[in-house]
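# Structural overview for review
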Number of protein chains: 2
Amino acid sequence: MDSKRKKYLLEESEIPTHWYNIQAEMPNKPLPILHPKTKEPLKPEDLYPIFAEELARQEMNQTDVWIEIPEEIRNLYKNYRSTPLVRAYGLEKALDTPAHIYFKNESVSPVGSHKLNSAIAQAYYCKKQGISNITTETGAGQWGAALSYAARAFGLELAVYMVKVSYEQKPYRRSIMQTFGAQVTPSPSMSTRAGKDILTANPNYQGSLGTAISEAIELAMNTPNCKYTLGSVLSHVTLHQTIIGLEAEKQMELAGEYPDIVIGCFGGGSNFGGISFPFMRHNIQNSKKTRFIAAEPSSCPKLTRGVFQYDFGDETGYTPLLPMFTLGHNFTPANIHAGGLRYHGAGVIVSQLLKDGMMEAVGIDQLDTFKSGVLFAQSEGIIPAPESNHAIAAAINEANKCKESGEEKVILFNLSGHGLIDMAAYDKYISGDLVNYKLSDEDIAKNISELEKII
Amino acid sequence: MDSKRKKYLLEESEIPTHWYNIQAEMPNKPLPILHPKTKEPLKPEDLYPIFAEELARQEMNQTDVWIEIPEEIRNLYKNYRSTPLVRAYGLEKALDTPAHIYFKNESVSPVGSHKLNSAIAQAYYCKKQGISNITTETGAGQWGAALSYAARAFGLELAVYMVKVSYEQKPYRRSIMQTFGAQVTPSPSMSTRAGKDILTANPNYQGSLGTAISEAIELAMNTPNCKYTLGSVLSHVTLHQTIIGLEAEKQMELAGEYPDIVIGCFGGGSNFGGISFPFMRHNIQNSKKTRFIAAEPSSCPKLTRGVFQYDFGDETGYTPLLPMFTLGHNFTPANIHAGGLRYHGAGVIVSQLLKDGMMEAVGIDQLDTFKSGVLFAQSEGIIPAPESNHAIAAAINEANKCKESGEEKVILFNLSGHGLIDMAAYDKYISGDLVNYKLSDEDIAKNISELEKII
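Residues numbered from 1 in each chain as written. Chains lettered and ligands numbered in written order. Predicted model: local features only at pLDDT ≥ 70, side-chain atom pairs only at ≥ 80, totals over all residues. Heavy atoms only, no water.

### Description of the relation of the copies chain A and chain B
Superposition of the two copies of the chain requires a rotation about an axis and a shift along the axis. For the pair chain A and chain B, the superposition axis carries a translation of 0.0 Å, the fit reaches an RMSD of 0.0 Å, and the rotation angle comes to 180°. In the structure described here, the two chain copies are related by an operation that fits a two-fold rotation axis. (Least-squares fit on C-alpha atoms with pLDDT ≥ 70 in both.)

Below, the structure written as structure tokens:
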């Protein structure tokens, strides 16, 4: 650690009042979302049975660059925002790099991650529409914990389907949701057709995010006055997360610098898009040359080894068809500890941007992520979430390149959450019990080849 | 939760530059600390073999009202301070009370509790004196985690004795310490005479804070260039924690109010003293009439049912004799989840203040603390540490009295830490598996009667 370390905060009056909607400014808009049966492009109204109407409109809004953040949401943001932008002098010293490294610290939210930024917004729009019940799924539990907080804040009843293996292995996150008053069910469950079908075929199935999504959607569709919510992947989720990058932009100004490289870990894309898109806007508008790097697990490499294809967002095929980089909706990721990054596909905006060469992606091995996380903890004093360790590892790689070249680049990454609820993973790493997972080309080709049947 | 909720922060330039030393202003000074063998009053020099010299001087400083915070410490404080002062509108609404409730949120520190305030200071003074190694003990692990952070920040080697039952039941906190690079040993261990003696007599002994203190002191005394550190009880620890109350004083001013009641949970007294003493100063100097309430577990009731006596701080009797409210140094507290409050004695300053009627104490049952914590989580969005739940329960009791009387009192309590690493305890509470522990008068008299032999 370094006592020079510098933290930048914004005055409450400086906290952004609008989200940034990159869809309205992309050189190539995302391809349309298709109806799963008719294969026709969807309109926002087609999503109303599943999502709150305003969220469905945000999902497909390709015209409004700025979307105002309602006052009720801004008031709840102010409980923990602005989050600090920190110059990582300690990490720079540990790496002996000429690079200037900054991180945006989203771990200070009361649930410990950036997920709250969209949870509050989604709960608000549901409440405003008069909805009483919401459903969702959660893997590692970060999203479920955030939505439990938000549902409680707006007086909504929440049912969470939690991937069974996490429900059993991560009782802490389950207890957080229950403490906030949410009802948590391990998935697959017997409470839905999707769950019953899977359990009938395989009674010992440990669950997956895809299955849990199917269950949560099914419950929402079959329950009066109930809507479904999702913590990543979708464009409206990423929209809400742009509060991260918009704050960071003002804070970098306070620091008197502008990033050459912006990095986020990558699961569905909301934290990556949240920190990146407000800066990417200046690449689009002012010909800035910032590089944007999505850091994904090498064991779940949709951006680096997947294909750009129409695919389902869930396992059963309830969701619309999304044009995205995917490993196939039947791909089962290895059981890495970064549970939030174990998803087969990428959001449609990021997928289009990657296809158009406006951003890059790197795959990181599990052991590298924890090595980077421990170095960060020892040099900056914050134990990062296993997901965030991917961004840290990518930032360290770039800083090491600067050391070789002597370049004084400015690197900004998003610390999406802290790891205080993930210490079992660190324990395994310290004990030498963690491993890397290698995927052969055949492993990857298998599920992708099934995609041809979809469209 | 309530969207009116208001958070007060200080500008970096407003963060206090001095700690407040109440010893210099107390109407009755604490009685002297005595040598365990000779029973003679100790001088600071007598503590130099165990503690860093500056800390030993602070321990007995009864003349300087203000002690400057060195710049290196202030720089590390700035990584997470000021901590927010929050008007708890959500809790007020849930209680339907006319009281104005504020809490100081120390849970935002990177290790999740107030302990870091003194850990940074102690590590700094050790480093400044050229010491290379430090030792300590930890129960639940909050102090050990904080000191691991601080030791790493100043490049010190740290050995932690962790109470064996916690070492096995709370691997998360152990892993936090190890991630920061500390060496953690379950206590009792075979690495010290104190540990060996206890294990020889009782091989299955699960450990206690008193035993772990004995081991940590013994290791420090037998290791070259090594000092011992302690996370509570002692006066220099409480001194460092006054940063909490000094900030809160400025923040209450921003809110335009002054507290009628100040509340802290009580283990050894450092978090309680930290929030209280800066306000108590105005009771001493300006005849303010603020009430100060220490909230202790009813199962470890040294303030409410103990005696004011000279006693040892540890089990083996290595420490000096301290004039304090105590249950006897052989008292074994029930295995409540608020591990940080399971200590037999109170600091000498608080003990004198309680004896002089300048503060009050209440005992709270375990089930009441968790009931209060869940209400706080659901109304304020932060899951509190089991220790902090004692302060919340006491604040709720006072707010309920205001509801009966119609008084609009201003209540301030310290949220000493978050409970994200203590979810197993919440899980048990939600499942109905937690119990209260009752102490009979005989239980209490037993260990106290042995005190007569000491002095």
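### Side note on helix H9 (residues 193-201) of chain A
All names here are of chain A. If you check which residues of H9 are buried, you get Ala 194, Gly 195, Ile 198 and Leu 199. Angular distribution of buried residues about the axis of H9 spans 125°; they occupy a single face of the element. Relative to its buried face, H9 has exposed residues pointing more than 90 degrees away, namely Thr 200 and Ala 201. Of the surrounding elements, those touching the buried residues of H9 are helix H7 (164-169) and helix H10 (209-222). (Buried < 20%, exposed > 50% of the residue type's maximum accessible area, 1.4 Å probe, protein only. Helix = DSSP H or I, 4+ residues; strand = E, 2+ residues; numbered from the N terminus. Arc of directions from axis to C-beta. Contact = heavy atoms within 4.5 Å.)

### Side note on the packing of aromatic side chains
All names here are of chain B. Inspection of every chain in the model, using the stated rule, returns 29 aromatic pairs over all chains. Ring plane angle 50° and centroid distance 5.7 Å describe the contact between Phe 51 and Tyr 228, whose orientation is recorded as tilted. One end of the pair, Phe 51, is in the loop between helix H1 (44-47) and helix H2 (53-60); the other, Tyr 228, is in strand E9 (residues 226-228), and 177 residues separate them in sequence. Under the relative-accessibility criterion, Phe 51 is labelled buried at 7%. (Phe/Tyr/Trp six-rings, centres within 6.5 Å; stacked < 30°, edge-to-face > 60°.)

### A word on the confidence of the model for chain A
When pLDDT is averaged along chain A, the result is 95; 100% of the residues meet or exceed 70. Scoring of the predicted complex yields 0.94 for pTM and 0.91 for ipTM. (pLDDT = per-residue confidence, 0-100.)

### Brief notes about the side chain of A:Ser416
Residue and element names in this part refer to chain A. Relative to the assigned elements, Ser 416 resides in the loop between strand E15 (410-415) and helix H17 (423-430). Within the structure, the side chain of Ser 416 is placed 2.7 Å from the side chain of Ser 388, a separation counted as a polar contact. Residues contacting Ser 416, with those up to four places away along its chain left out, are Glu 106, Ser 107, Gly 112, Ser 113, His 114, Cys 265, Asn 271 and Ser 388. (Polar contact = N/O pair within 3.5 Å; in protein donor to acceptor, adjacent residues only side chain to side chain.)

### Some details on the packing of helix H8 (residues 171-179) of chain A against helix H17 (residues 423-430) of chain B
Where H8(A) meets H17(B), the closest approach of the two axes is 9 Å, and the angle between their N-to-C directions is 55°. Compared by their axis directions, H8(A) and H17(B) come out oblique. Considering only the axes of H8(A) and H17(B), their crossing is left-handed. On the side of H8(A), the interface is formed by A:Pro171, A:Tyr172, A:Arg174, A:Ser175, A:Ile176, A:Gln178 and A:Thr179, while H17(B) contributes B:Met423, B:Ala424, B:Tyr426, B:Asp427 and B:Ile430. Across the contact of H8(A) with H17(B), the residue classes tally to 7 nonpolar, 3 polar and 2 charged. (Axes fitted to C-alpha atoms, helices over the stretch in contact; angles between N-to-C directions. Parallel < 35°, antiparallel > 145°, perpendicular 65-115°, else oblique. Left-handed = near helix turned anticlockwise from the far one by under 90°. Nonpolar A, V, L, I, M, F, W, Y, C, P; charged D, E, K, R; others polar.)

### Considerations on the pattern of salt bridges
Scanning all chains against the criterion turns up 40 salt bridges over all chains. Residue B:Glu249 is joined to B:Arg281 by a salt bridge in which the shortest nitrogen-to-oxygen separation is 3.4 Å. Taken as a pair, B:Glu249 in helix H11 (residues 235-255) and B:Arg281 in helix H12 (residues 270-286) lie far apart in primary sequence, 32 residues in all. In this pair, the class of B:Glu249 matches that of B:Arg281, namely buried. Measuring nitrogen to oxygen at the nearest pair gives 3.3 Å for the salt bridge that ties B:Lys438 to B:Asp365. Within this pair, whereas B:Lys438 is found in the loop between H17 and helix H18 (441-449), its partner B:Asp365 is found in the loop between strand E14 (360-364) and helix H15 (366-380), the two being separated by 73 residues in sequence. Residue B:Lys438 is classed as exposed on the basis of its relative accessible area of 65%. Residues participating in the shared-partner salt-bridge network are A:Arg81, A:Lys104, A:Glu106 and A:Glu247. (Salt bridge = Lys/Arg side-chain N within 4 Å of Asp/Glu carboxyl O.)

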